[in-house]
Amino acid sequence: MQPTETDVPIRSSDVWPALPQTAWSETCATLQLWMQIVGKVRLALMPTINHTWNVTLYPTVRGLTTSPMPHGTRMLQIDFDFMEHVLLLETSEGGRSTIPLKPMTVAAFYQQVMAELDGLGTSVRIWHMPVEIAQPVPFEKDHTHQTYDAEYAQRFWRILLQTTRVFTIFRARFTGKVSPIHLFWRAMDLACTRFSGRAAPEHPGLAGLPDRVTRDAYSHEVSSCGFWPGAPGIEPLFYSYAYPEPPGYAQSAIAPVHASFDSSLGEFVLPYEDVRRSADPDSTLLQFLQSTYDAAANCARWDRTALEVVPSNR
């Protein structure tokens, strides 16, 4: 009897694909700029929500979405579809337009997005400068970044989807205020943040971000975790940090053994490749998430009894 498709075990390497920066750094850089263009459309249309939760993108079963955004009384949604490799723009009145995701300059992508928005009757004007980019070039003048490797764009999305799945398990263990699991398009990192409920000291600020944004984001004590796809010279990693960083936090014992505190980043890091290659990637990642949160909550004396849920057997 031949095994059916459902009888064939799925290897962890298929679920958690390899994503070496050296193989897709140019695609990563281009995609980040494309996402900033779409993300700035969301920023322009959405009412301000605390911690800048109004600007983020969200993983879907096909890619990433803005979710519905108001344009007057109409609703607009923009999706990156990494299965069909198109950018899909849709309105609540049935309007629909697509832009193929393929090698093209940031300038061409920006021009097409603006044109399609105009064509759908949902014109939007955005600030044309990238953020958190060294030596930024206005979108309409960027003819340098133009690489799109469909295979690696899809791998990136699949990692986001699996990370969302595991982060959701971790998120469910907390009954206090906790963020959605969302992607910040400035650096393309997927994040989830827990709050102690106590106010934090005024944040000193971060390079490349207005103080008002940083101070709103860190207005209260947090323990935050995320996935970052890396940058040239830096491989993809999972991270976890606390703000304000409590005494003893950086010296805390955490798991798994490959995790460590990176003093230059000011956070605990776990290389994605170590998670991917582990015998049980889900368990490995959950160990990192739980142990780094434990470090933050214990060192800062959070009221853990009031904020946490005992994990179920599921």
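Here the structure is a predicted model, which means the values were calculated and not measured. (Residues numbered from 1 in each chain as written. Predicted model: local features only at pLDDT ≥ 70, side-chain atom pairs only at ≥ 80, totals over all residues. Heavy atoms only, no water.)

1. Thoughts on the packing of aromatic side chains
A full pass over the atoms with the stated rule returns 21 aromatic pairs. Considering the side-chain rings of F80 and F109, the 6.5 Å spacing of their centres and the 15 degrees angle between planes classify their relative orientation as stacked. Of this pair, F80 sits in strand β4 (residues 74-81) while F109 sits in helix α3 (residues 106-119); the two residues are 29 residues apart in sequence, bridging distant segments of the chain. When its relative accessible area of 2% is taken as the criterion, F80 is described as buried. Its relative accessible area of 0% is what places F109 among the buried residues. Members of the aromatic cluster, joined through ring pairs, are W34, F80, F82, F109 and Y148. Its end group placed over the ring of F195, K177 keeps NZ or CZ at 4.5 Å from the ring centre. Against the face of F170 rests R194, its NZ or CZ located 3.7 Å from the ring centre. (Phe/Tyr/Trp six-rings, centres within 6.5 Å; stacked < 30°, edge-to-face > 60°. Helix = DSSP H or I, 4+ residues; strand = E, 2+ residues; numbered from the N terminus. Buried < 20%, exposed > 50% of the residue type's maximum accessible area, 1.4 Å probe, protein only. Lys NZ or Arg CZ within 6 Å of the ring centre and 35° of its normal.)

2. Brief notes about the nonpolar core
With 76 residues, the main nonpolar core has L31, M35 and F80 as its most contacted residues. The greatest single-element share of this core, amounting to 10 residues, is contributed by helix α2 (residues 21-45). Each of domain 1 (20-141) and domain 2 (153-306) gives at least three residues to this core. Grouped together as the second largest cluster of nonpolar side chains are 13 residues, F184, V222, Y241 and Y243 included. (Core = buried A, V, L, I, M, F, W, Y, C linked by side-chain atoms within 4.5 Å. Domains from an automatic or database assignment.)

3. Overview of the side chain of Q32
In this structure, Q32 sits in helix α2. If we ignore the near neighbours within four places in the chain, the residues touching Q32 are E132, I133, W185, R186, A187 and M188. (Contact = heavy atoms within 4.5 Å.)

4. What to know about the packing of helix α4 (residues 150-171) against helix α7 (residues 281-299)
With their axes 10 Å apart at the nearest point, α4 and α7 run at an angle of 45 degrees to one another. With respect to their mutual orientation, α4 and α7 come out oblique. The crossing of α4 and α7 is right-handed. Where α4 approaches α7, its residues R165, V166, F167, I169 and F170 are matched on the opposing element by D282, L285, L286, L289, Q290 and Y293. For the contact of α4 with α7, the class distribution of residues is eight nonpolar, one polar and two charged. (Axes fitted to C-alpha atoms, helices over the stretch in contact; angles between N-to-C directions. Parallel < 35°, antiparallel > 145°, perpendicular 65-115°, else oblique. Left-handed = near helix turned anticlockwise from the far one by under 90°. Nonpolar A, V, L, I, M, F, W, Y, C, P; charged D, E, K, R; others polar.)

5. Quick notes on the confidence of the model for the protein
Across the protein, pLDDT averages 93, with 94% of residues at or above 70. The model gives residues 1-10 a pLDDT under 50, and that stretch makes one contact with residues more than four places away or in other chains. (pLDDT = per-residue confidence, 0-100.)

6. What about the domain arrangement of the protein?
Segmentation of the protein into domains returns domain 1 (20-141) and domain 2 (153-306). One C-alpha centre belongs to domain 1, the other to domain 2; they are set 25 Å apart. Between domain 1 and domain 2, the residue contacts involve 33 residues of the former and 33 residues of the latter. For domain 1, the biggest contributors to the area lost against domain 2 are Q21, H51 and W53; these three give 23% of the whole. At the junction of domain 1 with domain 2, the criterion picks out one salt bridge. Between domain 1 and domain 2 we count 14 residue pairs in polar contact (both at pLDDT 80 or more) in total. (Buried area = accessible area lost by both parts, 1.4 Å probe. Salt bridge = Lys/Arg side-chain N within 4 Å of Asp/Glu carboxyl O. Polar contact = N/O pair within 3.5 Å; in protein donor to acceptor, adjacent residues only side chain to side chain.)

7. Digging into the pairing of strand β6 (residues 96-100)
Residues S97 and I99 point to one face of β6 and are all buried, whereas R96, T98 and P100, pointing to the other face, are not buried. Here strand β5 (residues 86-91) folds back onto β6, and the loop between the two strands holds four residues, one of which, G94, carries a positive phi near 100 degrees. (Pairing = 2+ DSSP bridges.)

8. Considerations on the packing of α2 against α3
The geometry of a pair of packed helices is captured by two quantities: the angle between their axes and the separation between those axes. Between α2 and α3, whose axes approach to 10 Å, the crossing angle comes to 25 degrees. Here α2 lies roughly parallel to α3, going by the angle between them. α3 is crossed by α2, and the crossing has right-handed handedness. On α3, the residues that touch L33, W34, I37, V38 and V41 of α2 are V106, F109, Y110, V113, M114 and L117. Taken together, the residues of the contact of α2 with α3 sort by class into 11 nonpolar, no polar and no charged.

9. Some words on the pattern of salt bridges
Pairing of side chains with opposite charge becomes possible as their charged atoms draw close. Going through the model one piece at a time under the given rule, you end up with 13 salt bridges. Residue E84 is joined to R62 by a salt bridge in which the shortest nitrogen-to-oxygen separation is 3.5 Å. In this pair, E84 sits in the loop between β4 and β5 while R62 sits in the loop between β1 (58-59) and β2 (63-65), placing the two residues 22 residues apart along the sequence. A salt bridge links R186 to E132; its shortest N-O distance comes to 2.9 Å.

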